[in-house]
Amino acid sequence: MKCCLTKVVLIFIFFINNAYGNNISAEYSVTTSGIKIGEFNWMLKIQQDEFKTEIYLKNSGIFSPLYKFEGKYNSEGIIRNNKLESTAYRQYWKTKKKIKIIEMSFDGYLTRLFQQPRENEVSRVNFSELSGYFDPITSFINILRGNIEAKTIDGRRVYKMQNKSLDKSKKIEIEIVDYKNIWADHKRNDLKKIEFFMGEERFLPEKIEVYFKDRVFKLKKN
């Protein structure tokens, strides 16, 4: 479950079409198989040509004593030609047994990747070729602002998010394509798809469903 939760956190990120000059926040309950496993808090600020976002995830519910986890995610950057481009990203993930940290910097390309614990494997990806790749938070926001595709790197993998819901309905379906593991010699992708269900308030999804392996993780707005 811990491995699943680590990856699922990266895809619990969403929103915003035109929120310039606003501070927007939301709280969601996280469940799987009908059981509550956590609370998800998200804040986004878009000010003129800059943006900042912060996400906090923590275990909650009856299984909290068994599965303790805490995640913090920060991304910031600039807005150019109506597209968000991250300049800095930090991910902190803590369980009972370990702490993982990922930090990335961007300037059109990935300019820095730091991981703790240190990765001993040789990269299977040429970082100098990753033009226009940004962190998962920035990619999700760009998709939901109308982009059809977003190139993404999360420190462990590179892939593209593609919006398959071209009818502009209240249901937005995102598929993961061109998936590559940076540090492992395989292309296995356990993440099938993500679905966003928008309510009358277009800024905030009412619900998100994440299809990971044979499980579905759900976020529902409190």
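Whatever comes next refers back to the structure up there.
Let me begin by describing the structure that accompanies this report. (Residues numbered from 1 in each chain as written. Predicted model: local features only at pLDDT ≥ 70, side-chain atom pairs only at ≥ 80, totals over all residues. Heavy atoms only, no water.)

### Quick notes on the overall build of the chain
Threshold: Secondary structure elements follow DSSP: runs of H or I of four or more residues count as helices, runs of E of two or more count as strands, with numbering from the N terminus. Three exposure classes are used, based on accessible area relative to the maximum for each residue type with a 1.4 Å probe and protein chains only: buried under 20%, partly exposed in between, and exposed over 50%. Exposure was quantified through the Shrake-Rupley algorithm and a 1.4 Å probe, taking into account, for residues, occlusion by the shown protein chains and nothing else.
When helices and strands are tallied, the chain shows two helices and 13 strands. Counting all 222 residues of the chain, 48% fall into the buried class. Surface exposure of the chain reaches about 11,300 Å², of which carbon and sulfur atoms provide 46%.

### Quick notes on the packing of aromatic side chains
The condition that has to hold: Only the six-membered ring of Trp is used, alongside the rings of Phe and Tyr, when aromatic pairs are assigned; centres must lie within 6.5 Å, and planes under 30 degrees apart are stacked while those over 60 apart are edge-to-face, with the rest tilted. The criterion for a charge sitting over a ring is simple: Lys NZ or Arg CZ within 6 Å of the ring centre, and within 35 degrees of the ring normal.
Taken as a whole and judged by the stated rule, the model has six aromatic pairs. Between phenylalanine 69 and tryptophan 93 the ring centres are 5.6 Å apart and the planes differ by 20°, which places this aromatic pair in the stacked class. Separated by 24 residues along the polypeptide, phenylalanine 69 in strand β4 (residues 69-80) and tryptophan 93 in strand β5 (residues 83-95) bring together distant segments of the chain. Judged by relative accessible area, which is 2%, tryptophan 93 ranks as buried. The lysine or arginine in question, lysine 193, covers the ring of tyrosine 211, its NZ or CZ lying 4.9 Å from the ring centre. Here the guanidinium or amino end of lysine 207 rests over the ring plane of phenylalanine 197, the centre of that ring lying 4.9 Å away.

### Focus on helix α2 (residues 136-144)
Note the cut-off: Definition of a polar contact: a pair of N or O atoms within 3.5 Å, with one able to donate and the other able to accept a hydrogen when the atoms are protein atoms, and with sequence-neighbouring residues admitted only if both atoms are side-chain atoms.
Most of α2 sits inside the fold, with nine of its nine residues counted as buried. For α2, every residue scored as buried is listed here: Pro136, Ile137, Thr138, Ser139, Phe140, Ile141, Asn142, Ile143 and Leu144. In this structure aspartate 135 caps α2, since a side-chain oxygen of it lies 3.0 Å from the backbone nitrogen of isoleucine 137.

### Quick notes on the pairing of strand β7 (residues 110-116)
The following threshold applies: Pairing between strands is defined by DSSP: at least two bridges between the two strands are required.
As paired strands, strand β6 (residues 99-106) and β7 are joined by six bridges and run antiparallel to one another. Bridge pairing links isoleucine 102 to glutamine 115 in β7. As consecutive antiparallel partners, β6 and β7 are separated by three residues, and within that stretch glycine 108 has a phi angle of approximately 85°, a positive value.

### Looking at the nonpolar core
The following threshold applies: Only buried residues count toward a nonpolar core. Its members are Ala, Val, Leu, Ile, Met, Phe, Trp, Tyr and Cys residues joined through side-chain atoms within 4.5 Å. Residue contacts are defined here by distance: any two heavy atoms, one from each residue, within 4.5 Å place the two residues in contact.
With 50 residues, the main nonpolar core has Phe40, Ile153, Met161, Ile174, Ile194 and Phe196 as its most contacted residues. Once you skip the residues sitting within four places of it in the chain, isoleucine 174 turns out to touch Phe140, Ile143, Met161, Gln162, Lys193, Ile194 and Phe196.

### Remarks on the pairing of strand β13 (residues 215-221)
Along any regular strand the residues' side chains alternate between the sheet's two faces. Here strand β12 (residues 205-212) pairs with β13 via six bridges, running antiparallel. Bridging across to β13, tyrosine 211 finds its partner in valine 216. The turn joining β12 and β13, which pair antiparallel and follow one another in sequence, is formed by two residues; a positive phi near 55° is taken by lysine 213.

### Focus on the side chain of serine 75
By secondary structure assignment, the location of serine 75 is in strand β4. Under the relative-accessibility criterion, serine 75 is labelled buried at 3%. Looking at serine 75, its side chain comes within polar contact range of the side chain of aspartate 135, at 2.9 Å. Polar contacts involving the side chain of serine 75 include one to the side chain of threonine 138, which spans 3.3 Å. Beyond its immediate sequence surroundings of up to four residues, serine 75 is in contact with Phe51, Lys52, Thr53, Ser86, Ala88, Tyr89, Asp135, Ile137 and Thr138.

### Some points on a nonpolar patch on the surface
The following threshold applies: Only residues whose relative accessible area exceeds 30% and that form no salt bridge enter a patch; like-charged residues are grouped when within 9 Å of one another, and nonpolar side chains (Val, Leu, Ile, Met, Phe, Trp, Tyr) when within 5 Å. In the sections that follow, a salt bridge refers to a side-chain nitrogen of Lys or Arg positioned within 4 Å of a carboxyl oxygen of Asp or Glu.
Residues Ile35, Ile62, Phe63, Leu66 and Tyr67 make up a contiguous nonpolar surface patch of roughly 460 Å² in combined accessible area. By secondary structure assignment, the location of phenylalanine 63 is in the loop between β3 (50-59) and β4. Its relative accessible area of 32% is what places phenylalanine 63 among the partly exposed residues.

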